[in-house]
Amino acid sequence: TRYFVDYRKVRVVGGRGGSGGHSFHSEPRKVFGGPDGGNGGDGGHVILKADQQMKSLSSVLPFYQGFHGERGGSKNCYGANGACVYVKVPIGTLVKEDGEVVADLTQHGEEYVAAYGGAGGKGNRFFLSNENRAPMLFTPGEPGQEKVLHLELKTTAHAGLVGFPNAGKSSLLRAISRAKPAVAAYPFTTLNPHVGIVQYQDYEQVAVADIPGLIKGAHQNRGLGVSFLKHIERCRFLLYVVDLSAPQPWIQLQDLKHELEQYDKGLSERPRVVIGNKIDLAESRINLPLLREQIPERVIALSALTGHNLEELLWHLRELYDTYVETEQSRGQSPVKW
């Protein structure tokens, strides 16, 4: 079983360059042919490449090294360059070195050279000159770069389901997509983000991320707060899921916004909609008009368990997605597609 992994510490080393060749040309009736040692090949790079098929950092190993370049040969033959090592990472991977972000891979096929290979050495042919007609000198190849990188995955989804434990986020994701996150009657059933794809008849696909339940003080890293909150950063719009059957459900919404705002100012103000879940319960039908009086946002009341009013959510989700696409295109940027 491969588990969801959103953090990896990786040591990368570029390949060593090949040594220069050291030889002299020799053939019948040509006694002093001169130096003909070729240069060594360059070492291979280690390259991180974003791939939309990858959904986790679980397959990333702790160490990678590029292939070494080959030694230069006689007859002025250059050594072959070492092959590059490509490391596939999910879209949305942050690359950090010494605490600073050095790369942000957000597009499919985007590459970052994590460690450059060393240059190949010079053969003795390179040192031929009028002053030195028979050079014996050649240089070894240079070592490749060596770095320790920290890879962090921030889920790139269009919409993020934000709510407290047992609000019904996983049940909702199962109802509107083919994702199958675990659902149970106890809190913290979901420990890792899940991404479900909502498909429409015109073949557009909207990615919805089920973020594990937050708790009060999540922005101070209580529980697993920060590791959850960082996945919300990349979501283009937010779906606040509140439990309508709980007393004063608008307090849930205030607490959720507070946690997001303390983590990243302005995060809670992204395009959003409030989803009142568990409308099939009697307490929920009493609390629904009270919730609508307390908050200015649109409230979509539904039941993930029975499927009641899911159509309204799907239509509004498409409206949010179309607005996002138009905004990105007006800025001259390409929207994220799944």
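Before going into details, it helps to say that this report is about the structure given with it. (Residues numbered from 1 in each chain as written. Predicted model: local features only at pLDDT ≥ 70, side-chain atom pairs only at ≥ 80, totals over all residues. Heavy atoms only, no water.)

Attention now moves to the overall build of the protein chain. Within the protein chain one finds 5 helices and 14 strands. Counting every position in the protein chain, which comprises 338 residues, the buried fraction comes to 47%. For the protein chain, the share of sequence-separated contacts (at least 6 apart) that also reach a separation of at least 24 residues comes to 71%. On the protein chain, roughly 17,300 Å² of surface is accessible, and the fraction owed to carbon and sulfur atoms is 51%. (Helix = DSSP H or I, 4+ residues; strand = E, 2+ residues; numbered from the N terminus. Buried < 20%, exposed > 50% of the residue type's maximum accessible area, 1.4 Å probe, protein only. Contact = heavy atoms within 4.5 Å. Areas by Shrake-Rupley, 256 points an atom, 1.4 Å probe, with all protein chains shown as cover.)

Another point: the nonpolar core. Soluble globular proteins tend to pack their nonpolar side chains together in the buried interior. Among the nonpolar cores identified, the biggest contains 26 residues, and Leu172, Val206, Val208, Phe237, Leu239 and Leu317 are the most heavily contacted of them. Taken together, the elements giving at least two residues each to this core come down to strand S9 (159-162), helix H1 (169-176), strand S11 (205-210), strand S12 (237-243), strand S13 (272-277) and helix H5 (310-330). Here this core takes 7 residues from H5, the largest share from any one element. Membership of the second largest hydrophobic core comes to 25 residues, among which are Ile211, Ile232, Leu256 and Val274. (Core = buried A, V, L, I, M, F, W, Y, C linked by side-chain atoms within 4.5 Å.)

Inspection of every chain in the model, using the stated rule, returns 2 aromatic pairs. With a centroid separation of 6.4 Å and 50° between ring planes, the pair formed by Tyr321 and Tyr324 is classed as tilted. Of this pair, Tyr321 and Tyr324 both sit in helix H5, separated by 3 residues, roughly a single helical turn. Look at Tyr324 and you get buried, because its relative accessible area is 8%. Here the guanidinium or amino end of Lys122 rests over the ring plane of Phe126, the centre of that ring lying 5.0 Å away. Directly above the ring of Tyr200 sits Arg318, whose terminal nitrogen or CZ lies 5.1 Å from the centroid. (Phe/Tyr/Trp six-rings, centres within 6.5 Å; stacked < 30°, edge-to-face > 60°. Lys NZ or Arg CZ within 6 Å of the ring centre and 35° of its normal.)

One non-glycine residue, Asn76, lies in positive phi territory at about 60°. Non-glycine residue Lys278 carries a positive phi angle of around 65°. Positionally, Lys278 belongs in the loop between S13 and helix H4 (282-294). Take Lys278: its relative accessible area is 23%, and that puts it in the partly exposed class.

Another aspect to go through is the sheet that holds S12. On the basis of which strands lie adjacent, the open sheet formed by 6 strands has the order S10-S11-S9-S12-S13-S14 and mixed pairing. The open sheet has two free edges, formed respectively by strand S10 (194-199) and strand S14 (299-301), since each of these has just one partner strand. Neighbouring strand axes in the sheet, compared pairwise and without regard to direction, differ in orientation by 25° on average. Relative to S12, S9 is paired through 4 bridges, and the arrangement is parallel. Its bridge partner being in S12, Gly160 is matched across the sheet by Leu238. The strands touched by helix H3 (residues 249-263) are S9, S12 and S13; relative to S12, the strand with the most contacts, the crossing angle is about 140°. (Pairing = 2+ DSSP bridges. Axes fitted to C-alpha atoms, helices over the stretch in contact; angles between N-to-C directions.)

As a general feature of sheets, a regular strand has side chains that alternate between the two faces. Where strand S1 (residues 7-13) meets strand S8 (residues 146-153), 7 bridges bridge the pair, whose relative direction is antiparallel. Bridge pairing links Val13 to Glu146 in S8. The pairing of S1 with strand S3 (residues 63-65) spans 3 bridges and is parallel. Of the residues in S3, the one forming a bridge with Arg11 is Phe63.

No statement about biological role is implied by the geometric values presented.
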